[in-house]
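# Observations on chain architecture
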Amino acid sequence: MDQPAFVALRPATGDEHVLRLYCMPPAGMSAPYFQGFIPYLPATVSVHALQLPGRGRAIGMPVHTDPHRLGQLLAERIRQADNGHPYAVFGHSVGSLIAYETVKCLVRQGHHPPTLLALSAMAAPHHPEFTAQAPDVLLGGREGIERLFGRLPDHAGHDPRALINTWVPMLADLLLALQFPPHQGPPLDTQLALYGGADDPVISPAALAGWNDISSQPATPRLFPGTHTYPLDNVEALSSRLTADIVTSLRGWVCPANGPGSASGECPLGNPRHSAWS
């Protein structure tokens, strides 16, 4: 519980399994943040969400604030779990930065990149918008935190210890985000997807589009109704868009021998019994 790990919200299901989706939650949140997405994602996708120390059952554990070290640890977890099937990575808010750093570390280690890197509600490390907004969040107390992350649990306002346990991982993740250096080296060569809230007070569509500066496969940002916390109000729509982008990213992928692909070895875009692929 003192180390980052991926929690299987929906494990692989034998021959029906096609792709593993790694999900990185926003600041202060834990793996169950993505539980609501499960009914809207194809059954052929196994879902594994990041659980960091300092939150959930691991409250009180030391938190991570070194982005490169965290990226290395997560890259190693993904490499250890690799069974030859394709995989995708999705991050929301600060989770987008963690997803980006993890993929960057995987590429540096010589591992094949994900078929899709989906980034939501976060500016690229070189873009000044998030850095410009961060002081207001850090110095704004509860109001500043809620402006970015939404309303804190009611019990946290009456119990100082509960408030501290809620704030510590959020502040740690903000500190982690502020320490990301600008991208160095060649552009990331993996399909990119960009999502955001139409009324996000922190990350504008222009800042979201900044990820295209460091990618060889640029994407047009897709906006959903809502603010920085828009995924919680658009679970079905966001899951549908993510599914469509996963389908596109799988075209041309060759499954491992004896995998769930066709006789020619090409991965299917989905089992006909699962209409969510269509």
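Preceding this section is the structure that the text describes.
Starting from 1, residues in each chain are numbered consecutively following that chain's sequence as written. Confidence filtering applies because this is a predicted model: local features only for residues at pLDDT of at least 70, side-chain atom pairs given and counted only at 80 or more, and all residues used for totals across whole chains, interfaces and linings. As a convention, hydrogens and water are excluded, and side-chain values are obtained from all of the structure's heavy atoms.

### Section: the overall build of the chain
- Summing up its helical and strand segments, the chain has seven helices and seven strands in all.
- In the chain, which comprises 278 residues, the share counted as buried stands at 52%.
- Within the chain, contacts between residues at least 6 apart in sequence are counted, and of these 79% link residues at least 24 apart.
- In short, Shrake-Rupley with a 1.4 Å probe defines the accessible areas, and a residue's cover is counted only from the protein chains shown. Of the roughly 12,100 Å² of accessible surface on the chain, a fraction of 54% belongs to carbon and sulfur atoms. The helix count covers DSSP runs of H or I at least four residues long, the strand count covers runs of E at least two residues long, and both are numbered beginning at the N terminus. We call a residue buried when its accessible area falls under 20% of the maximum for its residue type, exposed when it is over 50%, and partly exposed in between, using a 1.4 Å probe and counting protein chains only. In what follows, a contact means two residues having at least one pair of non-hydrogen atoms within 4.5 Å.

### Let's talk about the packing of aromatic side chains
- Pairing of aromatic rings covers Phe, Tyr and the six-membered ring of Trp, with a centre-to-centre limit of 6.5 Å; geometry is then stacked below 30 degrees between planes, edge-to-face above 60, and tilted otherwise. Under the counting rule described, the total for this entry stands at nine aromatic pairs.
- Ring plane angle 55° and centroid distance 5.7 Å describe the contact between Phe-34 and Phe-37, whose orientation is recorded as tilted.
- Among the aromatic residues, those joined into a cluster by ring pairs are Tyr-33, Phe-34, Phe-37, Phe-90, Tyr-195, Phe-224 and Tyr-230.

### A closer look at the pattern of salt bridges
- Whenever a carboxyl oxygen of Asp or Glu lies within 4 Å of a side-chain nitrogen of Lys or Arg, that contact is scored as a salt bridge. Scanning the model with the defined rule gives three salt bridges in all.
- A salt bridge links Arg-79 to Glu-76; the shortest N-O distance between them is 3.9 Å. Of this pair, Arg-79 and Glu-76 both sit in helix H1 (residues 67–81), three residues apart, which is roughly one turn of the helix.
- Look at Arg-79 and you get partly exposed, because its relative accessible area is 36%.
- Residue class for Glu-76 comes out partly exposed when judged on its relative accessible area of 30%.
- Here Lys-104 ties to Glu-101 by a salt bridge, and the two come within 3.2 Å at their closest N and O atoms. On the criterion of helical spacing, the pair formed by Lys-104 and Glu-101 is a turn pair, its members being three residues apart in helix H2 (residues 94–108).

### A look at the pairing of strand S3 (residues 45–51)
- Of all seven residues in S3, seven are buried, a share of seventy percent or more.
- The alternating pattern of S3 places Val-45, Val-47, Ala-49 and Gln-51 on one face and Ser-46, His-48 and Leu-50 on the opposite face, and all of these are buried.
- Pairs of strands are assigned from DSSP output, requiring at least two bridges between the strands. As judged from the five bridges shared by strand S1 (residues 5–10) and S3, these two strands associate in the antiparallel manner. Among the inter-strand pairings, Val-7 is bridged to a residue of S3, identified as Ala-49.
- Relative to S3, strand S2 (residues 19–24) runs parallel, the two being bridged by five bridges. Bridge pairing in S3 places Arg-20 opposite Ser-46.

### Examining the sheet that holds S3
- Reading across the sheet, the seven strands line up as S1-S3-S2-S4-S5-S6-S7 and stay open at both edges, with mixed pairing between neighbours. For this open sheet the edge positions go to S1 and strand S7 (222–224), each flanked by a neighbour on one side alone. Direction aside, neighbouring strands of the sheet carry axes that sit 25° apart on average.
- Pairing between strand S4 (residues 87–92) and strand S5 (residues 116–120): five bridges, direction parallel. Counterpart to Val-89 in the pairing with S5 is Leu-117.
- Note on geometry: axes are lines fitted to C-alpha atoms, helical ones only across the stretch in contact, with angles between N-to-C directions running from 0 to 180 degrees. Together, S1, S2, S3 and S4 form the strand contacts of H1, whose direction differs from that of S2 by roughly 165°.
- Strand contacts of H2: S2, S3, S4 and S5, with the helix running at about 145° to S4, the strand carrying the most contacts.

### Quick look at H1
- For H1, which comprises 15 residues, the first-to-last C-alpha distance of 21 Å matches the rise-based estimate of 21 Å (1.5 Å per residue) to within 8%.
- Within the sequence span of H1, burial applies to Pro-67, Leu-70, Gly-71, Leu-73, Leu-74, Ala-75 and Ile-78.
- Think of a polar contact as two N or O atoms within 3.5 Å of one another; within protein, one of them needs to be a possible hydrogen donor and the other a possible acceptor, and neighboring residues in sequence only count if both atoms come from side chains. Its side-chain oxygen 3.1 Å from the backbone nitrogen of His-68, Asp-66 forms the N-cap of H1. Residue count minus one, scaled by 1.5 Å, sets the expected span of a helix.

### Topic: unusual backbone geometry
- At Ser-93, a position not held by glycine, the phi torsion is positive, near 60°.
- Locating Ser-93 in the fold gives a position in the loop between S4 and H2.
- On the basis of relative accessible area, Ser-93 is assigned to the buried category, the value being 1%.
- Phi is positive for Ala-121, which is not a glycine, with a value near 55°.
- Checked against the element boundaries, Ala-121 lands in the loop between S5 and helix H3 (129–139).

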